[in-house]
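# Close look at the chain arrangement
Each chain, letter by letter, is given below.
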Amino acid sequence: MTDRHISPDVRGAAIKLKGAHGSCYFLQDKRCRIYNDRPHFCRAFPVNVFVGWRIQLNANLSCRGIGLPGESLEDIGNDLLNGFGQERLASETATAGRVFSDFIRNCRDAAVSQSFTSLRETGKLLGDELVDPLGLSRLLTYAETGRTAQNSPARDIVKRVRRTDPEANIEERALIDGTELFDLPDLSLLPVYVDEQLTWRIYRLVGKEIVEYALAEDGKIDERLRTDPSNVELITMNGGAKAAMKDYVGTVNSRDCFLGHAAYLCDSENYDFNFAQVYLGALANNALDLWWRSSFLAHLKSKDELGPAEIREGLVFFDMDLLDLPTIGAFI
Ligand code: SF4
């Protein structure tokens, strides 16, 4: 590691501060040992800049410090943008804009295109379906089987989704996808949940059980408990939980990086599906993933109903991973 790597002025350079199992090398007793010289990325956290066909600021909602007094996300965002300078931002946007133009042309050639505005409008109109078991089943079935003409208006897509038979078994999918999440041999790749006491918890599938470990800063792991994932069901959400989840899904629907992720999926599926199917399928899968993670954490605390606080915990566990998804466009 050189001075340059930890200079707060270096932007956009890749840095690797990994200690054991991915914890930061400079972390000690839950404090940063180089706080005044911490790198640019840490200064900006939880705000980051996404460059797609335009520039958008995102906040990482996994951060437990969001909303604490004395911290203005807007100020951090403005500092970030000023620090990059107009020239760099213009050049990054021109590069990413070309990739998006290629994507749009490919969609048009395959007759699967959909305007970004109508996709977002559709996501908004389907907000209730995205937090409801039947609605999620309809959306996932539509994503796989619904035929959609290119450039359909939002209201037509919504009608099509609402007319779809809800064939997808969401309990089964949530369990399979949720369990797969923890089926990785490398501990540093497992999703991290930072609990209320700021202890890092990681979960790994071992045989047929999910094992919870507390991860210490020196990389030592301490087994806490074991649970059988087949006992984890999607726990019923009360009205407050549904409102919290709808609010979050609305945020995801407005993120350019998420649209870029759906574009990435559309491209990797060889433009076989209308972009609306891919986009809504990804939105529904993310809502289901958040519901399952919230249920998983609540199950460990023996809760039998999800309220807004349980969804918030699920979000702390989830949003970090969502912002890590492969995407067209880039965080700089
Ligand atoms: S702020 Fe956190 S991640 Fe950044 S250098 Fe310090 S300890 Fe590491």
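Look up: the structure comes first, before these words.
Anyway, here's the lowdown on the structure attached to this text. (Residues numbered from 1 in each chain as written. Predicted model: local features only at pLDDT ≥ 70, side-chain atom pairs only at ≥ 80, totals over all residues. Heavy atoms only, no water.)

## Quick word on the sheet that holds strand β3 (residues 47-51)
With antiparallel pairing, 3 strands are arranged side by side in an open sheet as β4-β3-β9. Across the chains shown, the open sheet's two edge strands, defined by having one partner strand only, are β4 (55-59) and β9 (330-331). Looking at chain direction, β3 and β4 are connected through 5 bridges and run antiparallel. Bridging across to β4, F50 finds its partner in Q56. Of the strands in this sheet, β3 and β4 touch helix α3 (residues 73-84), which is tilted by about 50° from β3. (Pairing = 2+ DSSP bridges. Helix = DSSP H or I, 4+ residues; strand = E, 2+ residues; numbered from the N terminus. Contact = heavy atoms within 4.5 Å. Axes fitted to C-alpha atoms, helices over the stretch in contact; angles between N-to-C directions.)

## Here's the deal with the nonpolar core
The nonpolar side chains of a soluble globular protein tend to be buried, and buried together. By size, the foremost hydrophobic cluster in this structure holds 64 residues, and its most contacted members are F182, M245, F275, L280, W291 and F296. Considering every element that reaches this core, the biggest residue donor is helix α11 (residues 275-300), with 16 residues. Discounting chain neighbours no more than four positions away, the residues touching F296 are F182, Y203, I210, T227, V232 and F317. Counting 10 residues, the second largest nonpolar core, distinct from the first, contains A44, V49, F84 and A96. (Core = buried A, V, L, I, M, F, W, Y, C linked by side-chain atoms within 4.5 Å. Buried < 20%, exposed > 50% of the residue type's maximum accessible area, 1.4 Å probe, protein only.)

## Focus: a positive patch on the surface
On the surface, a cluster of positive charge is contributed by R155, K159, R160 and R163. By relative accessible area, R155 is classed as exposed at 59%. (Patch = residues over 30% accessible without salt bridge, like charges linked within 9 Å, V, L, I, M, F, W, Y side chains within 5 Å. Areas by Shrake-Rupley, 256 points an atom, 1.4 Å probe, with all protein chains shown as cover. Salt bridge = Lys/Arg side-chain N within 4 Å of Asp/Glu carboxyl O. Lys, Arg positive; Asp, Glu negative; His and termini not counted. Charge placed at Lys NZ, Arg CZ, Asp CG, Glu CD.)

## Section: the packing of helix α9 (residues 239-254) against helix α12 (residues 308-322)
Interhelical geometry of α9 versus α12 gives an angle of 20° and a closest axis separation of 9 Å. By the angle between their directions, the pair α9 and α12 is classed as roughly parallel. Read as a crossing pair, α9 and α12 show a hand that is right-handed. On α12, the residues that touch G240, A241, A244, M245, Y248 and V252 of α9 are P308, I311, L315, F318, D319 and L322. In the contact of α9 with α12, the residues fall into 10 nonpolar, 1 polar and 1 charged. (Parallel < 35°, antiparallel > 145°, perpendicular 65-115°, else oblique. Left-handed = near helix turned anticlockwise from the far one by under 90°. Nonpolar A, V, L, I, M, F, W, Y, C, P; charged D, E, K, R; others polar.)

## Notes on the pattern of salt bridges
This model, assessed by the stated rule, comprises 17 salt bridges. A salt bridge links K246 to D128, with the nearest nitrogen and oxygen atoms 2.8 Å apart. You can see K246 sitting in helix α9 and its partner D128 sitting in the loop between α5 (116-125) and α6 (133-145), a full 118 residues away along the chain. K303 is paired through a salt bridge with E310; the nearest N and O atoms lie 2.8 Å apart. Relative accessible area serves as the criterion here: at 34%, K303 is assigned to the partly exposed category.

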